Amino acid sequence: MSRPGSPGTQPGPERTLPVSTAGDAPADVGTPFAAPASPEQALAELHAGNRRFVTGAPRHPNQDAGHRAAVADGQHPFAVIVGCSDSRLAAEIIFDRGLGDLFVVRTAGHTIGPEVLGSVEYAVTVLGTPLVVVLGHDSCGAVQAARAADATGTPPVGHLCAVVDAVVPSLRRAAAEGVDDIDRIVDIHIAHTVEAMLGRSAVLAAEVAAGRCGVVGMSYRLTAGEVRTVAAVPSRAVDAPEPAASAALA
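Throughout this document, residue positions are counted from 1 along each chain, in the order its sequence is written. The predicted nature of this model means local features are confined to residues of pLDDT at least 70 and side-chain atom pairs, given and counted, to a pLDDT of 80 or more, with totals for whole chains, interfaces and linings taken over all residues. Only hydrogens and water are set aside; all other atoms, that is, all heavy atoms of the structure, feed into the side-chain values.

Caption draft 1: Looking closely at the packing of helix α6 (residues 160-176) against helix α7 (residues 182-200). Two elements in contact, α6 and α7, have axes whose closest approach is 9 Å; the angle formed by their N-to-C orientations is 120 degrees. Our classification of the angle between α6 and α7 gives oblique. For the pair α6 and α7, the crossing hand works out as right-handed. Counting all contacts with α6, which are made through A166, V167, P169, S170, L171, R173 and A174, the residues of α7 involved are I185, I188, H189, H192 and E195. Across the contact of α6 with α7, the residue classes tally to seven nonpolar, three polar and two charged. A fitted line through C-alpha atoms serves as each axis, taken over the contacting stretch for helices, and the angle formed by two N-to-C directions is quoted from 0 to 180°. Under the DSSP-based scheme used, a helix requires at least four consecutive residues in state H or I and a strand at least two consecutive residues in state E, with every element numbered from the N terminus. By the definition adopted for this analysis, an angle is roughly parallel if under 35 degrees, roughly antiparallel if over 145, roughly perpendicular if from 65 to 115, and oblique otherwise. Left-handed describes a crossing whose near helix is turned anticlockwise from the far helix through less than a right angle; right-handed describes the clockwise counterpart. The contact definition used throughout considers only heavy atoms, calling two residues in contact when any of these lie within 4.5 Å. Following the grouping adopted for this structure description, the nonpolar residues are Ala, Val, Leu, Ile, Met, Phe, Trp, Tyr, Cys and Pro, the charged ones are Asp, Glu, Lys and Arg, and the polar ones are all others, Gly among them.

Here is the structure:
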C-alpha cells in the first residue's frame, strides 16, 4: 500500500476543519484549515468536538453541500474510529465532525477480525490517518452477553458466538484482576482491543513505532455523552491512561 501523494493514490481537496480554540468559540466552517497531522493534534480535535457535543453547542462542521462536493474526489480522515455498533455511539455526532473527517469501522463490542484490521491498515497506510481510536461505552451489551454466556456455559446461537468468543479474553483478564463491575470490565475490554490490534497487525505496529500514528482506547458515557481515555500507545502522545485499564499496556 502506498501513502498519500505516492503512486496509486489521488490527492484530495484542501480540508475545511475548524480550528479548536481554548474557549471552543464558533469557527468559520467555510475557512480552510490544515487537517490534524499528528496523533496529538487529532486527539485534541476529537476532544474539542466532544466538548461541543456535551455542552450542547455543536458546530456540525463539514456537513454542508459545498464540503460534500469538495471531498467527492478524495478523502483524508484525521482519525480512524473502531467502535461498537451500538446505535447510540454514532462517532460523527459525539465528536461533532462531518464528511471526510472520520474513517469509521463498527462491530458489536468493537471486536476485531481480518476485515477490521485490513480497514484500519488501509486508513493508516494509504490515507495517512494519524490516529486510531477504539471506542467502547458503558453498559456494553456485547460484554454483558459474553458475561452471561460464560457464567451459564450456554453459548449464543449463530454468529453471535464469534462476538462472545472475542470478548471472553477480556473477561478472563478482569477476573484475574479481581474486577467485577461491568463498566470496569468494559474499560479492560477496550484496553485489550488496543493491545490486540497492535499485536495482530504488524503494519499498524510499525506505523506507531515510526511515530506516524497513535492508538487510543476511549470509553463513552451514554448518559453524559462524554468520552475518556482508558488506554494509549504511545502514552506520551495522548492523555495518561487510567491505571486499572492500562496495566497490561505499561
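Once the structure has been displayed, the description carries forward.
Caption draft 2: Here's a closer look at the state of the cysteines. Here, two cysteine sulfur atoms that lie within 2.5 Å of each other are counted as a disulfide. The full count for this structure, using the stated rule, is zero disulfides. Free cysteine C84: the closest other cysteine sulfur is in C140, separated by 4.3 Å.

Caption draft 3: Spotlight on unusual backbone geometry. A cis amide bond links V233 with the next residue in sequence, P234, at an omega value of -10 degrees. With respect to the element layout, P234 can be found in the loop between β5 (227-233) and α9 (243-246). A positive phi angle is found at H110, which is not glycine, with a value near 40 degrees. As for its position among the elements, H110 is in the loop between β2 (102-107) and α4 (114-125). Residue class for H110 comes out buried when judged on its relative accessible area of 2%. Even without glycine at this site, S139 takes up a positive phi of about 55 degrees. Tracing the sequence through the fold places S139 in the loop between β3 (131-137) and α5 (141-152). Between buried and exposed lies partly exposed: a residue is buried under 20% and exposed over 50% of the maximum accessible area for its type, with that area taken using a 1.4 Å probe on protein chains only.

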